[in-house]
Amino acid sequence: MSDQSTNPVHVGLTNLSTSDDSKPPCKNSEKTVVLKVEDGHFMHDKSIKERSVAAFKEEIARAPRKVFIRFKVFDINAIYSTDGTVKVDFAIYLRWFDQSCIKVQKKDFGRTAAEYEQLWHPGVEVNNNQGLTEVWDADTSWNLKDYETGEVKYSQRYRGLISNEMDLRNFPFDSDVIGIAMGPKFYKEDKVIFEHDPDFRCCDTAVSSRLEDWSVATPVTVDFKTGKFGHRNVVLNMVVHRKSGYYLWKVLLINLLAGMFSWYVFLMPASDISDRINTTLTLFLAEVAFLFVIADKLPQVSYLTVMDRIILGSFVLLFLTAFETMIAYSFVAENKFFSSKTGPDNTKAEAVDMFSAIAFPISFVALHVACVWRAIWKRKQLVGLGAEAKTSLKM
């Protein structure tokens, strides 16, 4: 190693506007902070940008630079389930330590937006961005917090859409994990790693929402993971539950009452096939009309939701009710398949109706209870699973 590298380095900050006959004036009209480095053999000037980048390179030669992050969600405006997007309003708060800013003089670094933008920055991006807009300008975003430690803070507020594919199999008792995924655009984890800000507890992350159809569970979770391209990403996970009251009272209850009306046919004489079929057919058509009314309230997806299973099960039971009517009638009608040689068999017809009067209500109620209970059970499991719940809770 040469003697030049072993000499102590004396670092001082100066402004190009200061009088120095040995240095040419700065041609840039903007104020530029330079670093005068003396090591006993030479002197050269560096801009604050060059100094900040040099400090970063020197730091990552030993270990990745740590960038501390925290979130604040001002509002979840809307959740578009079938489109797989969420409209949000949130902010991120980053801080890191830049050695080039230690003891920098205020007169040489005026903390303007143009000067701040010369500093090193992790270059964060929202990985699931679907049309976000940055709200805060550079004057609001940047802050040299501590001249003694070189602590730099950067914050940004975003408004707009993020992608969030949802599994609607449990609709309308579904829950979901809304994730805001962020990471450095250019630096892999051997150079930059994100960590949650130790000055703030993750469980205290503020989340506000004015959603009428959803509730946000607390606390939220923050996950740090390495992406497939080697970048250290951070994901804010917010568990949301759909408020099911509307569908319970205005859809499922009406469907249940329509199904209960169909049980009346089992009390009618088996020989009165015309009235029994007309009653069942009327209820069937009423169910179809009701389905058209609520169609715009149901998600249009390729798989069956809980609501779909209940409604389709109701149609099947109504069809089986009509089929049961024909079976019971065949016992009392003359010259039919089930009729006896001696004539109508009312006893067997009544036995079929009696069995159906017990089996159909049990089946109908069991259909509703089983579908709803399973959906609610999976909703309870969702809490605490974080982003993994998107795959582990699929039905």
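Residues numbered from 1 in each chain as written. Predicted model: local features only at pLDDT ≥ 70, side-chain atom pairs only at ≥ 80, totals over all residues. Heavy atoms only, no water.

(A) Fine view of the packing of aromatic side chains. Inspection of the entire model under this criterion finds 15 aromatic pairs. Relative to Trp142, the ring of Tyr116 lies with its centre 5.7 Å away and its plane at 10 degrees, an arrangement referred to as stacked. Taken together, the residues Tyr116 in helix α3 (residues 113–116) and Trp142 in strand β8 (residues 142–146) connect sequence positions 26 residues apart. This pair shows no difference in class: Tyr116 is buried, exactly as Trp142 is. Centroid distance Trp263 to Phe364: 6.1 Å. Interplanar angle 85 degrees. Geometry classified as edge-to-face. Highlighted residues: Trp263 in the loop between α5 (245–262) and α6 (273–293) and Phe364 in helix α8 (residues 346–382), separated in sequence by 101 residues. By the ring-pair criterion, three or more aromatic residues cluster together here, those being Phe56, Trp96, Tyr116, Trp120, Trp142, Tyr154 and Tyr187. (Phe/Tyr/Trp six-rings, centres within 6.5 Å; stacked < 30°, edge-to-face > 60°. Helix = DSSP H or I, 4+ residues; strand = E, 2+ residues; numbered from the N terminus. Buried < 20%, exposed > 50% of the residue type's maximum accessible area, 1.4 Å probe, protein only.)

(B) Structural context of the layout of surface pockets. If you add up the space inside the largest pocket, you get close to 480 Å³. Around the largest pocket, the lining is made up of 23 residues, and of these Ile79, Asp213, Trp214, Arg242 and Tyr247 lie nearest the centre. (1 Å grid on protein atoms, 1.4 Å probe; cavity = no way out; pocket = protein on both sides within 12 Å on 5 of 7 lines; lining within 4 Å. Points joined across faces, edges and corners; volume = space filled by probe spheres on them.)

(C) Spotlight on the pairing of strand β5 (residues 85–97). Taking burial as the measure, the 13 residues of β5 include 10 buried ones, the bulk of the element. Strand direction decides the pairing type here: strand β4 (residues 65–80) and β5, joined by 11 bridges, are antiparallel. By the bridge assignment for β5, Lys72 is matched with Ala91. The turn linking β4 back onto β5 is made up of four residues, and Gly84 within it adopts a positive phi angle of 70 degrees. Alignment of β5 against strand β9 (residues 151–163), held across 13 bridges, turns out to be antiparallel. Looking across to β9, one finds that Val86 is bridged to Ile162. (Pairing = 2+ DSSP bridges.)

Function-wise, these values are silent; they only describe arrangement.
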